[in-house]
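Listed below are the residues making up each chain.
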Amino acid sequence: MIADLGLWATALAFACAVYAVAASLYGARRSQPVWVESARNAAVAVLPLLTLASLTVIVSLVRGDFHLAYVVNTSNRAMPTFLKVTALWGGQNGSILFWSWLMSAFAFGVMLRKWDRDRELMPYVIAVTMITQAFFIGLVLFFANPFAKYWELPSGDIVSAVLPPAGALPFRAADGNGLNPLLRHPGMIAHPPMLYLGFVGFTIPYAFAIAALLAGGYRSDAWIRTTRRWTLAAWLFLSLGLLLGGRWAYDVLGWGGYWGWDPVENAAFLPWLTGTAFLHSVMIQEKRGMLKVWNMVLIILTYCLVILGTFITRTGVISSVHAFARSEIGVPFFIFVGAALVGSVALLISRLEGLKGENQLDSLLSREAAFLLNNLLFMGITLAVFWGTFFPIFSELFTGTKITVGPPFYNRVTGPQFAALVLLMGVGPLIAWRRASAKALGRLLWLPTASALLLAVLLVLLGVGIPGAVVGFAIAEFTAAATLSEFWRGARARQRSSGEPFLTALSRLIGRNRRRYGGYLIHLGVVLIAIGVVGSHFFQKESQATLGRGESMSIAGYTFVYEGFREVSPKPGDDLVRDIAAVGLYRDGRRLATLEPQREFYQTTQETLTPPALYGGRMGLEDIYLLLVGWEQAGLASASFKVYINPLVNFIWLGGVVFILGTLVAAWPNPAEERLLTPAAERRLALGEV
């Protein structure tokens, strides 16, 4: 049976990971490179073995091998092939195998890179990555095995087990339960892989950080430069996962929004916050040799929050629309997170003496101080989100009553901090390193400040009476103007010195300073997202009504006329029934579109979804979001609708595109830079000679 091949491949991958840990540590301790090389080979072997294991699950899903419990629980005959493939990460057991496979791909890339610059670190890098790898493969083998089969006991009971119980016979179900309807949206096909790639990617900088502490390389910044692109790649994937998750929630959950501070959303957001703080903070260590301890703390926190985020999603320990059911993997997850945190902190404490900064903060008016404030704000948001997410557990533990924390708490606590972060994105890049002149900074800030104040006055004159919205838009304008001015000044300076046309000068400026200007593009993406958040949060309108045929409801200048109803029967081999309403959308007496909100009913799982009908109104500056809530007599008499008007929400998705573009620019390899980073140059950089 093909599943048995996958089981043996997983077991061999586990053995390779455990061997790699032991061999790498032994080789490092005994100074025997042959053992380290052997460990490296074992680590490399994990990827093809887990690839084979994952392929066997996919083949079983596509072929409909309903002897496997995982296939029964996540697929059925009616599902299209592409959904059967994505069912690999549509259930708990398969998703942990998928997590392990992605982890092995990142580890494979690290193992194949040139070791010249980091030879003394690599044994410990192998050990740390393979400890993580072995833990997740162990979960697959011993707690969440996707290769478990159904067996029929002599008593007639059906059980799931990897090996047959005494006297049991193989049992094959007639069909499966099908994939959760929430996971059938195109966004969910890409959303989990992006999140997982972000999660596993942060294991690499963590491994190098711990390796630097173990090998004595923590006095140098080499591990930071080695892992910069790995960190940016992980951060990009995690950012993509969050954006896709927001779009999925907007399109599928039917509550008119894109972010609900759900515990699993928060679990993915927490490592993004600390990872973002880390990316900013390491710049100070690279430039000024400061914050070495703090950067270690940030990457340790990020790694632990990655494992914790996986723990929350996979164990169902906190109720969420995203989480899987409670399972027995919670205890090993909790032990591993605790051991990783305690062990990492203990190691860090033992190395504190060698992590003293090479310089001190010269002035509160400096870029270093701005980065410090940036980090404090990120940590403030992290603490608030962590507290709100885990408060139900704390309250149940100490009071016996589970008390949940809702969006109002998060909005009140984190909203001002996010506003301060966006403001700081505009100010920080304009401040000089070490010590800035208030007069010089004022010359750079007067135009962005004037434009922000002008916008605020204009909004008030136009009747915008919500202080939070006025302040939010003004901050966004300030940061956008300050960031764009950096592009303008840099391009104009190059144009004057080279005589190039402005656009040529701008493109070459960005090409030669990818990290800097890629970061500015990221800031512009964040500004666009901020505009979308402020607009949709403060100005969203909603209404609900029950309409008979030909009756109408109006909101925000739009009129909705209920015109008809139909039921769409399942296609051959499908189990989806659609009930669709036809609603005419009008503005100023002119018909704009026919909207078709619907209810989707999955006969196999007996589950229902109510995806909205969406229409971009007023030149795409707002979304009309219409839901079919219910109906009477199959829609012949009346139907109930709920409508949201979401102003500026599309700026979020546009900002996401700019954000991703900026990350790609910042992470894109620079051949000239790579040639400079020879071992000799690394040593000179570490000594401050270049």
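It should be noted that the structure appears before, not after, this text.
Note that the structure is predicted; figures quoted are calculated from it, not measured.

Colleague: It is not clear to me how the side chain of S239 should be interpreted in this structure. Could you clarify?
Modeller: By secondary structure assignment, the location of S239 is in helix α9 (residues 222-253). Here W272 takes part through its side chain, which lies 2.8 Å from a polar atom of the side chain of S239. For S239, the contacting residues outside a window of four places in its chain are W272 and F659.

Colleague: What's the story with empty space enclosed by the protein in this structure? I'm lost.
Modeller: Where empty space is left can be seen by rolling a probe of water-molecule size over the atoms. Within the structure shown, the criterion is met by one cavity of 30 Å³ or more. By volume, the largest cavity amounts to about 40 Å³. Looking at the largest cavity, the residues that line it are I224, T227, R228, T231, F278, L279, V282, E286 and R515. Those elements that place two or more of their residues in the lining of the largest cavity are α9 and α10 (263-288). Here the residues of the lining of the largest cavity are counted per class, giving four nonpolar, two polar and three charged.

Colleague: When you look at the sheet that holds strand β3 (residues 169-170) in this model, what are you seeing that I'm missing?
Modeller: Backbone-to-backbone hydrogen bonds pair the strands of a sheet. The strands run either parallel or antiparallel. Taken in spatial order, the three strands make up an open sheet running β2-β1-β3, and their pairing is antiparallel. Unpaired on one side and paired on the other, β2 (158-161) and β3 mark the two borders of the sheet. Of the strand pairs in this sheet, strand β1 (residues 149-152) and β2 are connected by four bridges, and their pairing is antiparallel. Bridged to W151 within β2 is V159.

Colleague: Where do I start with the packing of helix α5 (residues 92-112) against helix α6 (residues 122-142) in this structure?
Modeller: A packed helix pair is summarised by two numbers, namely the angle formed by the two axes and the spacing between the axes. Packing of α5 against α6 leaves a shortest axis separation of 9 Å and a crossing angle of 165°. In terms of axis orientation, α5 runs roughly antiparallel to α6. For the crossing formed where α5 meets α6, the hand is left-handed. Judged by residue contacts, I96, L97, W99, S100, M103, S104, A107, V110 and M111 of α5 engage M122, V125, I126, T129, M130, T132, Q133, F136, I137, L139 and V140 from α6. Split into classes, the residues belonging to the contact of α5 with α6 amount to 15 nonpolar, five polar and no charged.

Colleague: For this particular structure, what's the right way to read the sheet that holds strand β13 (residues 638-647)?
Modeller: Read from one edge to the other, the open sheet built from four strands follows the order β4-β13-β12-β11, with strand pairing classed as antiparallel. The open sheet has two edge strands with one neighbour each: β4 (541-548) and β11 (613-617). Across this sheet, the average inter-strand angle for adjacent strands is 20°, counted without regard to direction. With respect to the sheet, helix α18 (residues 514-539) is in contact with β4 and β13, its orientation differing from that of β13 by roughly 135°.

Colleague: What is the right way to look at the environment of L506 in this model?
Modeller: Its place among the elements puts L506 in helix α17 (residues 502-512). Sequence separation between L506 and W488 is 18 residues; the distance between their C-alpha atoms is 8.1 Å. Apart from the residues within four sequence positions on either side, L506 is in contact with F487 and A491.

Colleague: Any chance you could explain unusual backbone geometry here in plain terms?
Modeller: Comment: phi is negative for the bulk of residues other than glycine, and the bulk of peptide bonds are trans. Look at L291: it is not a glycine, yet its phi comes out positive at around 65°. Within the secondary structure, L291 is located in the loop between α10 and α11 (292-315). Located in the positive-phi region is L648, a residue other than glycine, with phi close to 65°. Along the chain, L648 falls in the loop between β13 and α19 (650-667).

The rules behind the values
- Residue positions are given per chain, counting from 1 as you read along its sequence in written order.
- Residues qualify for local features only when their pLDDT is at least 70, as the model is predicted, and side-chain atom pairs are given and counted only at 80 or more; totals for whole chains, interfaces and linings, by contrast, use all residues.
- Hydrogens are left out, water is left out, and the side-chain values use all remaining heavy atoms of the structure.
- Each helix is a run of H or I in the DSSP string that is no shorter than four residues. Each strand is a run of E no shorter than two, and both are numbered from the N terminus.
- Counted as a polar contact is a pair of N or O atoms within 3.5 Å, where, for protein atoms, one must be capable of donating a hydrogen and the other of accepting one, and residues adjacent in sequence contribute only when both atoms are in side chains.
- Here a residue-residue contact requires only that any non-hydrogen atoms of the pair lie within 4.5 Å.
- Buriedness of a pocket was judged along seven lines, with at least five required to meet protein on both sides within 12 Å; pockets are open sets of points on a 1 Å grid over the protein atoms alone, cavities are sets where a 1.4 Å probe fits but cannot get out, and lining residues have an atom within 4 Å of a point.
- Grid points are joined across faces, edges and corners, and a volume is the space filled by probe spheres set on the points.
- We call Asp, Glu, Lys and Arg charged. Ala, Val, Leu, Ile, Met, Phe, Trp, Tyr, Cys and Pro are nonpolar, and the rest, Gly among them, are polar.
- When DSSP finds two or more bridges between a pair of strands, those strands are recorded as paired.
- Between the N-to-C directions of two axes lies an angle of 0 to 180 degrees, each axis being a line fitted to C-alpha atoms and, for a helix, fitted only over the stretch in contact.
- The scheme is simple: roughly parallel for angles under 35 degrees, roughly antiparallel for over 145, roughly perpendicular for 65 to 115, oblique for anything else.
- By the definition used in this description, the sense in which the near helix is turned from the far one sets the handedness, with an anticlockwise turn below a right angle giving left-handed and a clockwise turn giving right-handed.

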